[in-house]
Amino acid sequence: MLDLDFFKKSVLLWAGNLSFSFLGVIVFFLLVNTLGPEHYGNYSLVLSIVAMISLAFYGIIGESIIRFSYEDKDKVLYHGLKLQLIFGVISFLVLFLFADKIAGIYNKQIADIIRVVSFSFLITPFIEAIKSYGIGLKNVKLFVLLSVIFQLGMIVSLLLAFRVGKTGFFAAFAFLTANIITFLFTLKNIRFSYFLSRKRSRVLLRMNKYIKNGFFYGLTRNLYFQSPLIVGGYFVDSVSLAFYSFGLSLGTQGLFTFITSIQTMLLPYVVSIKNKKKMSEYISAVIKIGIVVTITLSLAILVLVYFLLPLLFPKYMESFKYIPWIFLAFVFLNLRAPMALFKVAERTDILTKISIFTALTSIVIGLLMSFLFGLVGMIIALNISVLLSSYLHIHYLKRINNIKVSLLISWRDWVIFRKYLAIFIKSFKKKFF
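Residues numbered from 1 in each chain as written. Predicted model: local features only at pLDDT ≥ 70, side-chain atom pairs only at ≥ 80, totals over all residues. Heavy atoms only, no water.

(A) Fine view of empty space enclosed by the protein. In this structure the tally under the stated criterion is two cavities of 30 Å³ or more. If you add up the space inside the second largest cavity, you get close to 30 Å³. Every residue lining the second largest cavity is listed: Tyr217, Arg221, Arg336, Leu351, Ile354, Ser355, Thr358, Ser389 and His393. For the lining of the second largest cavity, the elements supplying multiple residues, two or more each, are helix 15 (348-373) and helix 16 (375-401). In terms of residues, the lining of the second largest cavity owes the most to one element, helix 15, which gives four residues. Looking at side-chain class alone, the lining of the second largest cavity contains three nonpolar, four polar and two charged residues. (1 Å grid on protein atoms, 1.4 Å probe; cavity = no way out; pocket = protein on both sides within 12 Å on 5 of 7 lines; lining within 4 Å. Points joined across faces, edges and corners; volume = space filled by probe spheres on them. Helix = DSSP H or I, 4+ residues; strand = E, 2+ residues; numbered from the N terminus. Nonpolar A, V, L, I, M, F, W, Y, C, P; charged D, E, K, R; others polar.)

(B) The arrangement of the environment of Leu367 in detail. Topologically, Leu367 is positioned in helix 15. The exposure class assigned to Leu367 is partly exposed, which follows from its relative accessible area of 39%. Residues within four places of Leu367 in sequence aside, it is in contact with Val231 and Phe235. (Buried < 20%, exposed > 50% of the residue type's maximum accessible area, 1.4 Å probe, protein only. Contact = heavy atoms within 4.5 Å.)

(C) Representation of the pattern of salt bridges within the structure. Scanning the entire structure with this criterion turns up two salt bridges. Between Arg115 and Asp100 there is a salt bridge; the shortest N-O distance is 2.6 Å. Of this pair, Arg115 sits in helix 4 (residues 111-118) while Asp100 sits in helix 3 (residues 99-106), and the two are 15 residues apart along the sequence. Residue Arg115 is classed as partly exposed on the basis of its relative accessible area, which comes to 21%. Residue classification places Asp100 among the partly exposed residues on the basis of a relative accessible area of 49%. (Salt bridge = Lys/Arg side-chain N within 4 Å of Asp/Glu carboxyl O.)

(D) Fine view of the packing of helix 2 (residues 73-97) against helix 8 (residues 202-213). The N-to-C vectors of helix 2 and helix 8 enclose an angle of 40°; their axes lie 10 Å apart at closest approach. When the axes of helix 2 and helix 8 are compared, the pair comes out oblique. Handedness of the helix 2/helix 8 crossing: right-handed. Of the residues in helix 8, those in contact with Lys75, Val76, His79, Gly80 and Leu83 of helix 2 are Val203, Leu204, Met207, Asn208 and Ile211. Taken together, the residues that form the contact of helix 2 with helix 8 break down as six nonpolar, three polar and one charged. (Axes fitted to C-alpha atoms, helices over the stretch in contact; angles between N-to-C directions. Parallel < 35°, antiparallel > 145°, perpendicular 65-115°, else oblique. Left-handed = near helix turned anticlockwise from the far one by under 90°.)

Listed below in structure tokens is the structure:
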């Protein structure tokens, strides 16, 4: 039977994620209703570009911190933080200096939004490094705390910023302010004297190799998910971008929090597993539980949105017909759980092959679908890209490690699911009641 501590920690992370998801709904409500479709479309496009760059440069370093923290937590944290700071400064300079050129490509008034948001790259390395450090040491509370602080900071900052102006430019200032507030809370976990240390160890050499081998993986790892919006933004207007981002944001707040919780906690728990049968059980259970819960949550959210959309988001009524198909992509995301095994085995070369191939194909598919079908094409491209990425993860898992993932429901899955549900209900009651 699977280690129940894994499920307890993943549920705790999910319960915590629900906390800032509720706060995220408030942020979402303030953004979409105050900005309106056109300004919200421009703002979401910039945030999508920022998210792509953040995941590209911070992602592989953050994962290396998670992967090696249990071996030498202090050296790993500060080495990873130094590297993230280097890429953060580079990202800031590129975005700030080339903001006008980026805005010109999309033919949208987003240059000032880009410049304001670019400053966040000078402080987010600290936030992301501490979050990864917390997950690596299975300290879920630290990760959740910083996420909640950011959302609270966004709410307060948006309320203040929108008193001055109601455009994407002021929303960008709120985003930057929220990051600064979160950064201040990370300072108690950082000892700056460690930055002066130049000691090298075997674990840092392995960490450098892990990052080097996975560098292109980090650059392209989530491009398949971001490219429909980034590429489609060239072919569709700001209002269509707003409808797409509206559905994507609902999925991110309501579904992605669960998927990332259970898949994030999978990594530190499978580090020590050598038995292929047990490894297969973990991965199969995570996928099947993820699919069941994600579909259940999707249906619940859709019913809720159907009744609340006319009351809370009247300007986005048209987006409802697209939301179910966007949610379908989040269901497919559960199939990417095998990536945890490749990270444990330090086979970032496999992840690099998958990510580069899916990134290139998703750009081509996104260009073609968006050009031909506009907003509908963006959604089609999203689902195709997610499915392709998921298939390749399962394919290489069987081919390289000879580990078979079973997607057939068995009585063992029901036992596991019941225990998981019981743990979730207990944690949810304790946290919210």
